[in-house]
Amino acid sequence: MKQEMMKIVSQKQLAPRIFELTLTGELVKEMGTPGQFIHIRVPRADLLLRRPISINHIDAEKQTCRIIYRVEGEGTKEFSQLQSGDLLDVMGPLGNGFDLTGLNKGDIAFIVGGGIGIPPLYELSKQLLKKGVTPIHFLGYASKEVMYYQEEFEGLAETRFATDDGSFAHHGHVGHLLEEAVQTIPPAAVFACGANGMLKAVESQFKEHPNVQLSLESRMACGMGACYACVCHVKDDETGNKSVKVCDEGPIFKAGEVVL
Ligand SMILES: Cc1cc2nc3c(=O)[nH]c(=O)nc-3n(C[C@H](O)[C@H](O)[C@H](O)COP(=O)(O)OP(=O)(O)OC[C@H]3O[C@@H](n4cnc5c(N)ncnc54)[C@H](O)[C@@H]3O)c2cc1C
Ligand code: FES
């Protein structure tokens, strides 16, 4: 983990409140594992806490990385006003990321994403393809209006879409698409990132599956394991006291490991 003033190469709006930001700097050399995140200082003196955002794409050759974020509050609003050439104080890469070691050439992996949980799955899918694994993407959005990165995912592999309001493709939860797919395809691994409800659905659908990895979110402060702001409870802990830190022990956990 390092800290650097990274330079903004470009910023582009992809959908209402959704932005893609490309950054360049030495820090890109440290990046490699999909699912890791960067911790970004908001360029405003009164907002002290950094904001965690997942790495969406790493380009080692160009020494750039991309993030995709949704404007939620003051911090992300500030990010959205930045322009190419501006500098951003970045710490990272942080967290453990997805584990691809158990997968082999010819395997099929399900990649399940919802809303603003979709961005890190793009780098994951690229790296699976590099290993000879075939990903199938299942992406859920609130509506057609807030969809982004459809073509990027379709450009990598088969992609199935769902929208909560039925304005595009399957009407309903992304979990329905999974139910249908598992009837015919046995995946060697399932990777998911999105709201807790979606992660719970994935967990219950693949209860017996040995390789289901979920990317969790929590409110963070230090981002490196020191402040315990980001803890979540461990499942099957009789004392009820055991917890894990999402920032440095996660954000990826095996299904069944933590209480969602
Ligand atoms: C490991 C990790 C990876 C993330 N990756 C992405 C990403 O790729 N793209 C993206 O858009 N967002 C991502 N987030 C969420 C992002 O960090 C928050 O949206 C952001 O910090 C909000 O900052 P803000 O100042 O705009 O909003 P605030 O004013 O701080 O909060 C506004 C709203 O956002 C919610 N919020 C704030 N922080 C978080 C958080 N850490 N997790 C969930 N909700 C939060 C608050 O509850 C509130 O409702 C990630 C979070 C984590 C923990
Ligand atoms: S944010 Fe400080 S321990 Fe995780």
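Residues numbered from 1 in each chain as written. Chains lettered and ligands numbered in written order. Predicted model: local features only at pLDDT ≥ 70, side-chain atom pairs only at ≥ 80, totals over all residues. Heavy atoms only, no water.

- Under an unreviewed UniProt entry, the name given to the protein chain is Dihydroorotate dehydrogenase B (NAD(+)), electron transfer subunit, and the organism recorded is Enterococcus phoeniculicola ATCC BAA-412.
- Turning to the protein chain, the UniProt annotation filed under Sequence similarities (unreviewed entry) states: "Belongs to the PyrK family."
- The Subunit (unreviewed entry) comment attached to the protein chain in UniProt states, word for word, "Heterotetramer of 2 PyrK and 2 PyrD type B subunits." (UniProt positions renumbered as here; feature names shortened; annotations may be inferred.)

### Description of the UniProt feature "binding site: [2Fe-2S] cluster" (unreviewed entry) in the protein chain
Then, in step 1: Per the UniProt entry, the sites bearing "binding site: [2Fe-2S] cluster" (unreviewed entry) are C222, C227, C230 and C247 in this numbering. Over a stretch of 26 residues, the named residues converge on one spot in the fold, their C-alpha atoms separated by at most 10.2 Å.
Then, in step 2: Topologically, C222 is positioned in the loop between β13 (212-215) and β14 (231-233).
Then, in step 3: A residue is classified by how much of its surface remains accessible, and C222, at 22% relative accessible area, is partly exposed.
Then, in step 4: If near-sequence neighbours (up to four positions away) are discounted, C222 is found in contact with H39, M91 and C227. (Helix = DSSP H or I, 4+ residues; strand = E, 2+ residues; numbered from the N terminus. Buried < 20%, exposed > 50% of the residue type's maximum accessible area, 1.4 Å probe, protein only. Contact = heavy atoms within 4.5 Å.)

### Notes on the site of ligand 1
Then, in step 1: Around ligand 1 sit 18 residues, and of these R51, P52, R70, T76 and E217 come closest.
Then, in step 2: Note that an oxygen atom of ligand 1 is positioned 2.7 Å from one of the side-chain N or O atoms of R51.
Then, in step 3: A distance of 2.4 Å is found between an oxygen atom of ligand 1 and a side-chain nitrogen or oxygen belonging to T76.
Then, in step 4: Here ligand 1 loses 79% of its free accessible area of 840 Å² to cover by the protein chains.
Then, in step 5: With respect to the pocket detection grid, ligand 1 is positioned in the largest pocket.
Then, in step 6: For the shell around ligand 1, the secondary structure elements donating two or more residues are β4 (51-54), β6 (64-70) and α1 (74-80). (Near = heavy atom within 4 Å. Polar contact = N/O pair within 3.5 Å; in protein donor to acceptor, adjacent residues only side chain to side chain. Areas by Shrake-Rupley, 256 points an atom, 1.4 Å probe, with all protein chains shown as cover. 1 Å grid on protein atoms, 1.4 Å probe; cavity = no way out; pocket = protein on both sides within 12 Å on 5 of 7 lines; lining within 4 Å. Sits in = over half its atoms within 2 Å of the grid points.)

### Some thoughts on the packing of helix α4 (residues 174-182) against helix α5 (residues 196-205)
Two quantities define a packed helix pair, namely the angle between the axes and the distance from one axis to the other.
Then, in step 1: In the contact formed by α4 and α5, the axes pass within 10 Å of each other and the chain directions differ by 20°. Relative to α5, the element α4 lies roughly parallel. Where α4 crosses over α5, the two elements pack in a sense that is right-handed. For the pair α4 and α5, contact is made by V174, G175, L178, E179 and V182 and by M198, V202 and Q205, respectively.
Then, in step 2: Of the residues belonging to the contact of α4 with α5, the class tally is five nonpolar, two polar and one charged. (Axes fitted to C-alpha atoms, helices over the stretch in contact; angles between N-to-C directions. Parallel < 35°, antiparallel > 145°, perpendicular 65-115°, else oblique. Left-handed = near helix turned anticlockwise from the far one by under 90°. Nonpolar A, V, L, I, M, F, W, Y, C, P; charged D, E, K, R; others polar.)

### Some points on the side chain of N211
Then, in step 1: Mapping N211 onto the fold places it in the loop between α5 and β13.
Then, in step 2: By relative accessible area, N211 is classed as buried at 14%.
Then, in step 3: Here N211 is in contact with A188, A189 and V190, once residues within four sequence places are set aside.

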